Amino acid sequence: MSSDIRVRFAPSPTGPLHIGGVRTALYNYLFAKKHGGTFVLRIEDTDQTRYVPGAEAYIMESLRWIGMEWDEGPEKGGPYGPYRQSERKDIYAQFAQKMIDEGSAYYAFDTAEELDNMRQRMKKGGNPTWQYNHITRVHMKNAFTLPADEVQRKLNAGDPYVIRLNVPRNQEIRVEDIVRGVVVVKSDHVDDKVLFKSDGMPTYHLANVVDDYSMKITHVIRGEEWLPSAPLHVLLYQALGWENAMPRFAHLPLILKPEGNGKLSKRDGDRLGFPVFPIEWKGQDGETASGYRENGWFPQAVVNLMALLGWHPSDNTEVFSMEELIQAFALERVSKAGAKFDLEKARWFNQYYLRKTAPAVLADMLANEVDTSKGQNYLEKAIALVQDRPTFLPELKDDLSFLLSAPQILDEQILAKKWKEDSREKVQAFMHHLAQVDWQSPELLKQATTEFLEAKGWGFGSVMPLVRLLLTGSMAGPDLFDMMDLFGKEETLHRLEQGLRMAMA
Ligand code: GLU
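Residues numbered from 1 in each chain as written. Predicted model: local features only at pLDDT ≥ 70, side-chain atom pairs only at ≥ 80, totals over all residues. Heavy atoms only, no water.

A.B. asks: Just to check I follow, could you spell out the site of the ligand for this structure?
C.D. replies: Taken together, R8, A10, S12, E44, Y204, N208, R222 and W226 form the complete shell of residues around the ligand. One nitrogen or oxygen atom from the main chain of A10 is found 2.8 Å from a nitrogen atom belonging to the ligand. S12 has a polar side-chain atom sitting 3.0 Å from a nitrogen atom of the ligand. Isolated, the ligand exposes 300 Å² of accessible area, and the fraction of that covered by the protein chains is 84%. (Near = heavy atom within 4 Å. Polar contact = N/O pair within 3.5 Å; in protein donor to acceptor, adjacent residues only side chain to side chain. Areas by Shrake-Rupley, 256 points an atom, 1.4 Å probe, with all protein chains shown as cover.)

Structure representation (structure tokens):
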């Protein structure tokens, strides 16, 4: 199925991509895939002062790790490229000129200093929110206040200028938002925003609208922080004569701190011990941030938890694969209210996916980090024995360590408690018995052990906890007979012998 639906994820490469951005990308992706549409990646890099090297590559790697491949974008190309705004300068200049010619935009020559002075003066006069608009612009240096030949002279002389939107007066601007319904704003509340600067670069607003139009974007799905810009964007569509091609908007709710008070920040992550970035970030300025990927999270878990931060299915299903999300997703089911980040739930998802992942896959993921000398089969069997407990891969690695190599030390405290005068004799008798046992299955080992203990008249607790300690170094670990079965006869006897030596040292 293919359709005309086209959405875009349009990050600015100003640093690592916050998980709020990942969620925006995900909702765009799900919406596109659900409707057989196209998912575009567009890099909004017109603000050179905020450009951070490495951020674009980071964004792409993050999207790919999550499993969201774009259909059109930088590197990949597509029919409406280029997909990096810095490579589209000429397009914006052309439309800025068109707006000047038609009177919907105008030149202004105020310096940063002059603007600042005006703001300060207004502040002192009790007007802290001064805006450049149809009222205030008569006091400024622009095409409304300067004679036409003076404007031309300044342009010819190469004086710095900006192009501002000439916001129409007394209009009601309607923003139709799929999530929020209709929002109506008076045009008198919108200021004459800068659209283009004399360095040849557009501002976000102009570039964003021109690109959404030129790239035939049908739905703009983005974070709530852009809602205040939406009326301005509607005005731009009108000014450029594109009103009939205006995309539909959907502004996604904020992701809130676990406590619900305010936007989730990197500091919250540091405070509560979880990443707020998909993958690790190492900035050229030395700034670093930890990522879900490096902390042993599964991309499926991150997808699942992101999906439910602001969207809810029609039933109570919680676990969704990407495919299932694509089927179930609907913008109409995105909520207006901010979504609280639930750390417990997030962990639960990760544990769920860790349990569900095939031991062979986990073995591959850990191949460079654990002792693989016993071979693939052994590793997979060991993983299967412990994979139900941990939440994260590094924990799985810890749980595996004593299954993959014999302990080098024994837990002193437990040893002191369990070691009795006759312990050595009992363990040796057990070893002797084990040496005769047919090593077939955990069940048979258990049966043989029970028979041995009964024949001796020894309680389970008088020998077996000690056996566990000698085999693994502590009291942790899976079922004793499962472990012995994994080790095999030779290794089990070897570990017990070595354990006895350590216990008596
Ligand atoms: N470049 C903007 C950002 O960084 C895009 C906003 C939008 O989607 O319109 O989020």
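A.B. asks: Would you mind going over the packing of helix α16 (residues 423-436) against helix α17 (residues 442-456) with me for this structure?
C.D. replies: Axes are the key here: two packed helices are described by the angle between their axes and the distance separating the axes. At a closest axis distance of 11 Å, the pairing of α16 and α17 adopts a crossing angle of 130°. The orientation of α16 relative to α17 falls into the category oblique. Where α16 crosses over α17, the two elements pack in a sense that is right-handed. Along the contact surface, α16 presents K426, A429, F430 and H433, while α17 presents A448, T449, F452 and K456. Considering only residue class, the contact of α16 with α17 consists of 4 nonpolar, 2 polar and 2 charged. (Axes fitted to C-alpha atoms, helices over the stretch in contact; angles between N-to-C directions. Helix = DSSP H or I, 4+ residues; strand = E, 2+ residues; numbered from the N terminus. Parallel < 35°, antiparallel > 145°, perpendicular 65-115°, else oblique. Left-handed = near helix turned anticlockwise from the far one by under 90°. Contact = heavy atoms within 4.5 Å. Nonpolar A, V, L, I, M, F, W, Y, C, P; charged D, E, K, R; others polar.)

A.B. asks: Can you help me understand helix α9 (residues 299-307) in this one?
C.D. replies: Given 3.6 residues to a turn, an α-helix orients residues that are three or four positions apart in the same direction. The element α9 is largely enclosed, with a buried count of 8 among its 9 residues. For α9, every residue scored as buried is listed here: P299, A301, V302, V303, N304, L305, M306 and A307. Its buried side turned inward, α9 meets α1 (19-34), α2 (55-66), α10 (322-328) and α11 (343-356). (Buried < 20%, exposed > 50% of the residue type's maximum accessible area, 1.4 Å probe, protein only.)

A.B. asks: Got a minute to help me understand the packing of helix α18 (residues 460-472) against helix α20 (residues 489-504) in this structure?
C.D. replies: Orientation of α18 relative to α20, taken along the N-to-C sense of each, is 95°, at an axis distance of 8 Å. Relative to α20, the element α18 is oriented roughly perpendicular. Counted together, V467, L470 and L471 of α18 and T492, R495, L496, G499, L500 and A503 of α20 form the full contact between these two elements. Looking at the contact of α18 with α20 residue by residue, the class counts come to 6 nonpolar, 2 polar and 1 charged.

A.B. asks: So what exactly am I meant to see when it comes to the environment of D342 here?
C.D. replies: By the secondary structure assignment, D342 is in the loop between β13 (339-340) and α11. Classification of D342 by relative accessible area gives partly exposed; the value is 41%. Distance in space between the C-alpha atoms of D342 and L256 is 9.3 Å, their sequence separation being 86 residues.

A.B. asks: Where do I start with the pairing of strand β2 (residues 38-41) in this structure?
C.D. replies: Consecutive side chains of a regular strand alternate in pointing toward one face of the sheet and then the other. Of the two faces of β2, the one lined by T38 and V40 and the one lined by F39 and L41 are each fully buried. Sheet topology note: the strand β1 (residues 6-9)/β2 ladder contains 4 bridges and is parallel. When the bridges of β2 are listed, F9 appears paired with L41. In this region the chain leaves β1, passes through α1 and returns to the parallel neighbour β2; the handedness of that crossover is right-handed. (Pairing = 2+ DSSP bridges. Right-handed = clockwise from strand over helix to strand, strands pointing away.)

A.B. asks: How should the packing of aromatic side chains be read in this particular structure?
C.D. replies: Here a ring pair, both rings aromatic, is described through the centre-centre distance and the interplanar angle of the planes. Taken as a whole and judged by the stated rule, the model has 20 aromatic pairs. Ring plane angle 45° and centroid distance 4.5 Å describe the contact between Y204 and W226, whose orientation is recorded as tilted. With Y204 in helix α6 (residues 204-214) and W226 in the loop between β8 (219-223) and α7 (230-239), this residue pair connects regions lying 22 residues apart in the sequence. The interplanar angle of 35° and the centroid separation of 5.8 Å between the aromatic rings of W311 and F329 together place this pair among those described as tilted. Taken together, the positions of W311 in the loop between α9 and α10 and F329 in the loop between α10 and β13 put the pair 18 residues apart, joining distant regions of the chain. The same class applies to W311 as to F329, namely buried. Ring-pair connections join several aromatic residues into one group, and the members of that group are Y27, W311, F320 and F329. (Phe/Tyr/Trp six-rings, centres within 6.5 Å; stacked < 30°, edge-to-face > 60°.)

A.B. asks: Even after reading the chapter, I still don't get the pairing of strand β4 (residues 162-165), so can you show me in this structure?
C.D. replies: Across the two faces of β4 the burial is the same, with V162 and R164 and I163 and L165 all buried. As paired strands, strand β3 (residues 105-108) and β4 are joined by 4 bridges and run antiparallel to one another. By the bridge assignment, Y107 is partnered in β4 with I163.

A.B. asks: Even after reading the chapter, I still don't get the sheet that holds β3, so can you show me in this structure?
C.D. replies: Note on sheets: strands pair through backbone hydrogen bonds, and any given pair is parallel or antiparallel. Overall, antiparallel pairing links the 3 strands, which are arranged β3-β4-β7 in an open sheet. Bordering the open sheet on either side are β3 and β7 (194-197), each of which pairs with just one other strand. For this sheet the average axis-to-axis angle between neighbouring strands, irrespective of direction, equals 30°. Strands β3, β4 and β7 of the sheet are contacted by helix α3 (residues 89-102), whose axis makes an angle of about 100° with β3.

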